[in-house]
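Listed here are the chains, written in short residue letters.
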Number of protein chains: 2
Amino acid sequence: MSQSESPRAWRSVLERIEADLLEGLLGPGDRLPGERDLAAKLGVGRSSVREALRVLESMGLVRTASGSGPNAGAMIVAAPQGGMATLLRLQLAGQGFPFADVVATRAVLESSVVESLAQAFRDGVGPELAETERLLAAMDADDLEPDDFLALDARFHLSLAEASGNVVVAAVMAGLRTAIESYGRQGAAVAADWPALVSDLRAQHAAVIAAVRAGEPELAREQIRSHITGFYARTHLTGVERSAADA
Amino acid sequence: MSQSESPRAWRSVLERIEADLLEGLLGPGDRLPGERDLAAKLGVGRSSVREALRVLESMGLVRTASGSGPNAGAMIVAAPQGGMATLLRLQLAGQGFPFADVVATRAVLESSVVESLAQAFRDGVGPELAETERLLAAMDADDLEPDDFLALDARFHLSLAEASGNVVVAAVMAGLRTAIESYGRQGAAVAADWPALVSDLRAQHAAVIAAVRAGEPELAREQIRSHITGFYARTHLTGVERSAADA
DNA sequence: CGAGGTAGTGTGGTCAGACCATAGGTCGAA
DNA sequence: TTCGACCTATGGTCTGACCACACTACCTCG
């Protein structure tokens, strides 16, 4: 036992697993040993192993399942969006992240996404956008509840990020959006003039896509920015627009 | 016992604390009850409380300390950078985030930062940048080891993000940088032609700051982008430049 | 009377053991 | 052959115990 060090048994478990990940000994789809085996192998208690697994789970790196068989146990997955959403949501709740900064960051990332997409179309290598178009069409339905519309809207924005091909940007964007929505402030304000709002949103979405397909990076960028900042200025009634505009 | 609900005792603890945070019952600087008290109050075991606290700690929301007195116990803090760095590092290790996408995202965010700063200077409301200038001067020393230079460089970039005032962007940027460095691949490549590299980096930093102070958003944006993508293209010898360039 | 050491107390950190719920696998009976 | 009951391995949870640590209070000694 080279157990000369001391602090944080659970951290040593985390570091060991991270090292195995970097080493390539563990990868997406692989299953970790059972908690009891892992504890014995690493010379720590089972509870310490569990605490480390809990961190990995909350970060979106492992998925655990009870029972037996091929689906049981802790499996390495790559689900960054869940972990990112949890982190951003908690930091927002704990006042580590001001609401305005979260919205502003979303605007920054989405601007980059649509700029990149528009540039790709200008270069003649634009992606399919089939999923994006499908969501756009679904949002045209007349009988949508606000919650349903907003769910489609979220997937629309996410589909743009995924089309741009950068999974880090997509994960952060999805997390920011989730964090914003879990704040749950918009309900009342949204109801104020819903028909007019949804109509504007549809037009803005269409304009963004048109700019992207036309290969106009600067135009797409400005349109998505005003789309996002405008939405939160309209529904949250805070000083969001000021902070969002200068980021 | 109103224990009709379900799985994940530790998750119920997490949700309770998050709810208290949103409610304002808990905020930065406040201390949580002891683990034993919390367990009794929420009707769960102490180990479940600990698992929830471990998640909060890894997300940068609480800081725990043993012993007694005013500094002991679990305190609510707002340390988003630590949690963000952990998440990004783990996702990078677990192949959830391709290296190229991490670098590209850093380029996106830093471009936005310097653009925003340059715009502020153009509008005559530019911040002090005292810390930034100090770091820039420190990097001019001739006897710096590569590690020391890179540490100053990291703080330089972070100081820009902080000057822009968006803590979310600053936290993500710091996390991205930490994740990149923990990958630890650059050592060898950096040593190749260190004097020339450090000279170029100094010139690029100076050019970025000059563009910011001159109030040239587009120029600053392009310079920081080429600074970042150029550095990783030069030191990592991967296909980074391609993916980084189109983001 | 003051200074310094010492026992006390409460905190997180860890471990061991036990029990439960679940879900797949196994094997025997119809 | 088929289908049911049992078996087993897994994570999920709880309890109780002990340790290390740091502050507090008190007590002793100069």
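Quick note: structure is the one above.
Criteria and thresholds
- Residues numbered from 1 in each chain as written.
- Chains lettered and ligands numbered in written order.
- Predicted model: local features only at pLDDT ≥ 70, side-chain atom pairs only at ≥ 80, totals over all residues.
- Near = placed C-beta within 6 Å.
- Helix = DSSP H or I, 4+ residues; strand = E, 2+ residues; numbered from the N terminus.
- Nonpolar A, V, L, I, M, F, W, Y, C, P; charged D, E, K, R; others polar.
- Core = buried A, V, L, I, M, F, W, Y, C linked by C-beta atoms within 7 Å.
- Buried ≥ 20, exposed ≤ 12 C-beta atoms within 10 Å, placed from the backbone.
- Contact = placed C-beta atoms within 7 Å.

1. Observations regarding the protein's contact with DNA strand D
The environment of DNA strand D is formed by 25 residues, the closest being A:Gly34, B:Ala9, B:Gly45, B:Gly67 and B:Gly69. Elements that contribute at least two residues to the surface near DNA strand D include exactly β2 (73-76) of chain A together with α1 (9-23) and α3 (46-58) of chain B. The biggest single contributor to the surface near DNA strand D is α3(B), with three residues. The class makeup of the residues in the surface near DNA strand D is seven nonpolar, 14 polar and four charged.

2. Structural notes on the nonpolar core
Of all hydrophobic cores here, the largest spans 121 residues; its most connected members are A:Val102 and B:Val102. Beyond its immediate stretch of four places on either side in the chain, B:Val102 contacts A:Val168, B:Leu88, B:Leu92, B:Phe97, B:Leu176, B:Ala179 and B:Ile180.

3. Notes on the interface of chain A and chain B
Counting residues at the interface gives 43 residues for chain A, matched by 45 residues for chain B. The set of elements that each furnish at least two residues to the side of chain A that touches chain B consists of α1 (9-23), α3 (46-58), α4 (80-93), α5 (99-122) and α8 (167-183) of chain A. In terms of residue count, the dominant contributor to the side of chain A that touches chain B is α5(A) (eight residues). A per-class count over the side of chain A that touches chain B returns 25 nonpolar, 12 polar and six charged.

4. Comments concerning the protein's contact with DNA strand C
Taken together, 24 residues lie around DNA strand C, and A:Ala9, A:Gly45, A:Gly67, A:Gly69 and B:Gly34 are the ones closest in. Elements that contribute at least two residues to the surface near DNA strand C include exactly α1 and α3 of chain A together with α3 and β2 (73-76) of chain B. Of the residues belonging to the surface near DNA strand C, the class tally is six nonpolar, 15 polar and three charged.

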